[in-house]
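Residue strings, one per chain:
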Amino acid sequence: MALLWAMPAPQVLAASNSAVPASGAGAYVKLIVAFIVVLLLLVLLFRFLGRRVGVVQRGSIDVLAARQLAPNRSVQVVEVGQKRYLLGVGENVQLLADVTDSYTAASEVGAPGSFGGTLQEVLAELRRDSRRNDEP
């Protein structure tokens, strides 16, 4: 008990009038400026962390052509390394065919390069291949 009486009493410092704004408008301006500064710091932090923690890109995956078939449904020709694949993209991604040889031949001929024409050629070749495989 004697220890409590031996401690000095806390001193209360009076606030100066210069720290108190004259009106509520000054407080709102300070609040908005502080909010903008915090937002800018967050944007800078996310950019910095995005670069440092980002996925290291190994190899390359290129979308050579894409055609939308319906809302949220498309067909894409994707190149991975030296291989080219025809993918169906919707709620999930599905491999439709390996079109490395046929797509390369169609694109190197120097055709106008319309995706629709190339897609028709690839699908026709796939139909021919499936008919050959179905024959006994």
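To be clear, the structure that these remarks concern was listed above.
Source: prediction; values computed, not measured.

Asks: What is the right way to read unusual backbone geometry from this model?
Replies: A positive phi angle, near 65°, is found at Asn-72, a position not held by glycine. Relative to the assigned elements, Asn-72 resides in the loop between strand 1 (61-70) and strand 2 (73-80). Taking the relative accessible area as the measure of exposure, Asn-72 reaches 66% and is therefore exposed.

Asks: Looking at this structure, I do not really get the nonpolar core. What am I missing?
Replies: Soluble globular proteins: nonpolar side chains tend toward being buried together. Ala-65, Val-75, Val-77, Leu-86, Ala-97, Val-99, Phe-115, Leu-119 and Val-122 together form the largest nonpolar core, which totals nine residues. At the level of elements, strand 2 and helix 4 (115-134) are the ones that each hand at least two residues to this core. In terms of residues, this core owes the most to one element, helix 4, which gives three residues. The contact partners of Phe-115, leaving out residues within four places of it in the chain, are Ala-65, Ala-66, Arg-67, Val-75 and Val-77.

Definitions and limits used
- Residues numbered from 1 in each chain as written.
- Predicted model: local features only at pLDDT ≥ 70, side-chain atom pairs only at ≥ 80, totals over all residues.
- Heavy atoms only, no water.
- Helix = DSSP H or I, 4+ residues; strand = E, 2+ residues; numbered from the N terminus.
- Buried < 20%, exposed > 50% of the residue type's maximum accessible area, 1.4 Å probe, protein only.
- Core = buried A, V, L, I, M, F, W, Y, C linked by side-chain atoms within 4.5 Å.
- Contact = heavy atoms within 4.5 Å.

No statement about biological role is implied by the geometric values presented.
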